Amino acid sequence: MLTFIGHAGFKYETEESIILMDPWLSRNGAFDHAWYQFPPNHKLGDEIRETINTTGKDIFIYISHEHKDHFDIPYLETLDQSKINYLTPNFRRDQVVKKLNELKPKSVEAIDDSIKFSIQDVDIFLFIDDNELNRDSGIALIDNRTGTTILNLNDCKIYDRIPEIINRIGKINIFSCQFSGAVFHPVCYDYPEKKYSEISKTKVEGKFSAVKRVLEQLNPEVYIPAAGPPVFLDQQLFHINFQENNIFPSPLIFKDYLKKEIPKMKVCVPVPGTDLIPNGETIDVIHPVNNHEKLFSLDTLESYQFSVQDILDKRKESLSSYDSETVFKLLLKELQSKLLDFELTHDMDVILKFSINEISNKAIYIDFKNLNISTDSEHNTPTSNNLYEISASTGDLGRLLDGYQNWDDFMLSFRHKLHRSPDIYQVAINGFLVMEKEDINAFCSNLMRLENQKERIIVEVEGIAYSVDKFCPHQGTDLSSGWIEEGQYLVCPKHRWMFDMENGGKALEADATINAVDLDGDGS
């Protein structure tokens, strides 16, 4: 039996074993108390802990990646580690394995991509995405006793590998993946309201369309929209929940979309405690309450916020303990250490301005073209046609530099403001901000590897053949599985980057290209 335990979490139970997937169950939220599970699932945490304490079954816990809405260390620390076997991908960066071993569990297994790992009658496969800027995985369970196959991709967007996955594990009965946004664009950017709304709508439509294409390929018996969206209970972020348009649509909206686009698809919008039970050729769905969709009402958020107010207040009190000038010096030192290993083969004529809200007369400037860093005043700033700005409060940066969160966590906490001119995505700048200093060198090496890949493919657009780079310059996805939209744009299947075939393969809204060449000569 498969039980949804909230957000991206599931429990699969057989006669001999219990397999938990990404249990995010604590009251601490994620990303320094910025994100919270919705609907709330904290009571299930107590029930699962009691089950682990009393059962004689083998316990396995799969952790897909290190994001805190999947890797809930505060909750894991409350469990009886002597009974727990952890399963996690064998990433280049072994941070998850290291943290799990520190818990001193029964065992930790770092599993390679696509390799079978068996637990009694259940075969497990992990499908891994490890490209430095993104590190994630999905899991497949094949229950040989019931004949049930489950594929849970959570927020691992390996959509270009769907044919390979089908070939590896066969027909999929139950499928789950993320359908909503989970990034800081456009949430943290200072766009006018109309532009913010337009960008959000475009992102949601793109996400919906990408998942629809995956569902058409997989054709599962049941689809479970999961892995978000969260809610934001910190008063600083609370307004995000009520925006008319943002990148966090309700699963009920996505269900309605799929009802129109794929009418025969069975969609189960779960709540914590929903059971999916294989029953012959069907999957029975049992919800823990009547009218379960009411649990998604935003009217419940004020009481939810009140239930964790003690945690939020404690965090807020800590912010005042940080001194702005001290944090400025520590931030400068941290950015200097990041810049030491930041080396690319191409010139980057861009300035990154990093400022602290409480300091008005100076900021930190990073000149990527000359690879130097300075603390010039507002009246003596370096000049560039490309300027990327980020600002945050003393307290939030202090907690980052004190180790309460890492850089990726900080960026996903949404407690910062961003502006870029021109408004174009740059992979290198994004990587510099989200990477830990010890990962900068590997990130740069991977980016240069992508830039130096010479393999080409042929794509046809409106009867015209184009030669293009085979791999997406964003994260190296094979564009052979991409598709054409609007008779002009080649779309990457992973993050839906769009490349204009009529403009040399240049990316829309990003400083990148796939170097498209019209093989017919004149584009006619």
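Residues numbered from 1 in each chain as written. Predicted model: local features only at pLDDT ≥ 70, side-chain atom pairs only at ≥ 80, totals over all residues. Heavy atoms only, no water.

### Things to note about the packing of aromatic side chains
So, point 1. This model, assessed by the stated rule, comprises 24 aromatic pairs.
So, point 2. Ring centres 6.2 Å apart and planes at 80 degrees place the aromatic pair Phe-354 and Trp-407 in the edge-to-face group. One end of the pair, Phe-354, is in strand β15 (residues 351-356); the other, Trp-407, is in helix α11 (residues 407-412), and 53 residues separate them in sequence.
So, point 3. When its relative accessible area of 1% is taken as the criterion, Phe-354 is described as buried.
So, point 4. With a centroid separation of 6.0 Å and 90 degrees between ring planes, the pair formed by Trp-407 and Phe-410 is classed as edge-to-face. Here the residue Trp-407 and the residue Phe-410 both occupy positions in helix α11, the gap between them amounting to three residues, near one helical turn. Both residues of the pair, Trp-407 and Phe-410, count as buried. (Phe/Tyr/Trp six-rings, centres within 6.5 Å; stacked < 30°, edge-to-face > 60°. Helix = DSSP H or I, 4+ residues; strand = E, 2+ residues; numbered from the N terminus. Buried < 20%, exposed > 50% of the residue type's maximum accessible area, 1.4 Å probe, protein only.)

### Some remarks on a nonpolar patch on the surface
So, point 1. Judged by side-chain polarity, Ile-458, Val-517 and Leu-519 come together as a nonpolar surface patch covering roughly 280 Å² of accessible area.
So, point 2. With respect to the secondary-structure elements, Leu-519 resides in the segment after β26 (517-518).
So, point 3. Using a relative accessible area of 47% as the deciding quantity, one classes Leu-519 as partly exposed. (Patch = residues over 30% accessible without salt bridge, like charges linked within 9 Å, V, L, I, M, F, W, Y side chains within 5 Å. Areas by Shrake-Rupley, 256 points an atom, 1.4 Å probe, with all protein chains shown as cover. Salt bridge = Lys/Arg side-chain N within 4 Å of Asp/Glu carboxyl O.)

### Things to note about the sheet that holds strand β8 (residues 122-130)
For sheets, the rule is that strands pair by backbone hydrogen bonds, running either parallel or antiparallel.
So, point 1. Sheet architecture is open: six strands sit in the order β7-β8-β9-β10-β11-β12, paired in mixed fashion. The sheet terminates laterally at β7 (117-119) and β12 (222-226), the two strands that pair on one side only. Strand-to-strand twist of the sheet, defined as the mean angle between neighbouring strand axes without regard to direction, takes the value 20 degrees.
So, point 2. Bridge count between β8 and strand β9 (residues 135-143): nine bridges; the pairing is antiparallel. If you follow Leu-126 over to β9, its bridge partner there is Ile-139.
So, point 3. Contacts from helix α4 (residues 162-169) reach β8, β9 and β10 (148-152), with the element oriented near 160 degrees to β8. (Pairing = 2+ DSSP bridges. Axes fitted to C-alpha atoms, helices over the stretch in contact; angles between N-to-C directions. Contact = heavy atoms within 4.5 Å.)

### Some details on helix α12 (residues 427-434)
So, point 1. The element α12 is largely enclosed, with a buried count of eight among its eight residues.
So, point 2. Taken together, the buried positions of α12 are Val-427, Ala-428, Ile-429, Asn-430, Gly-431, Phe-432, Leu-433 and Val-434.

### Description of the sheet that holds strand β21 (residues 464-469)
So, point 1. If you trace the three strands from one edge of the open sheet to the other, you get β20-β21-β26, paired in antiparallel fashion. Taken across any chain shown, the strands that pair with only one partner, and hence form the sheet edges, are β20 (456-461) and β26.
So, point 2. Pairing geometry for β21 and β26, over two bridges, is antiparallel. Residue pairing in the sheet places Ser-467 in a bridge with Val-517 of β26.

### What to know about the pairing of β15
When a strand is regular, its side chains alternate between the sheet's two faces.
So, point 1. Buried residues dominate β15, accounting for six of its six residues.
So, point 2. What you see with β15 is no split at all: Ile-351, Lys-353 and Ser-355 on one side and Leu-352, Phe-354 and Ile-356 on the other are buried throughout.
So, point 3. Bridging between β15 and strand β16 (residues 364-367) involves four bridges; their strand directions are antiparallel. Bridge pairing links Lys-353 to Tyr-365 in β16.
So, point 4. With six bridges connecting them, β15 and strand β18 (residues 387-392) associate as parallel partners.

### Notes on the nonpolar core
So, point 1. Counting residues in each nonpolar core, the largest one holds 78 residues, and the members touching the most others are Phe-342, Phe-368, Phe-414, Trp-497 and Met-501.
So, point 2. Apart from the residues within four sequence positions on either side, Met-501 is in contact with Val-459, Val-461, Tyr-466, Val-468, Gln-488, Leu-490, Ile-514 and Ala-516.
So, point 3. Tyr-159, Phe-175, Met-265 and Ile-311 belong to the second largest nonpolar core, which has 43 residues in total. (Core = buried A, V, L, I, M, F, W, Y, C linked by side-chain atoms within 4.5 Å.)

Geometric descriptors of this kind do not, in isolation, establish any biological role.
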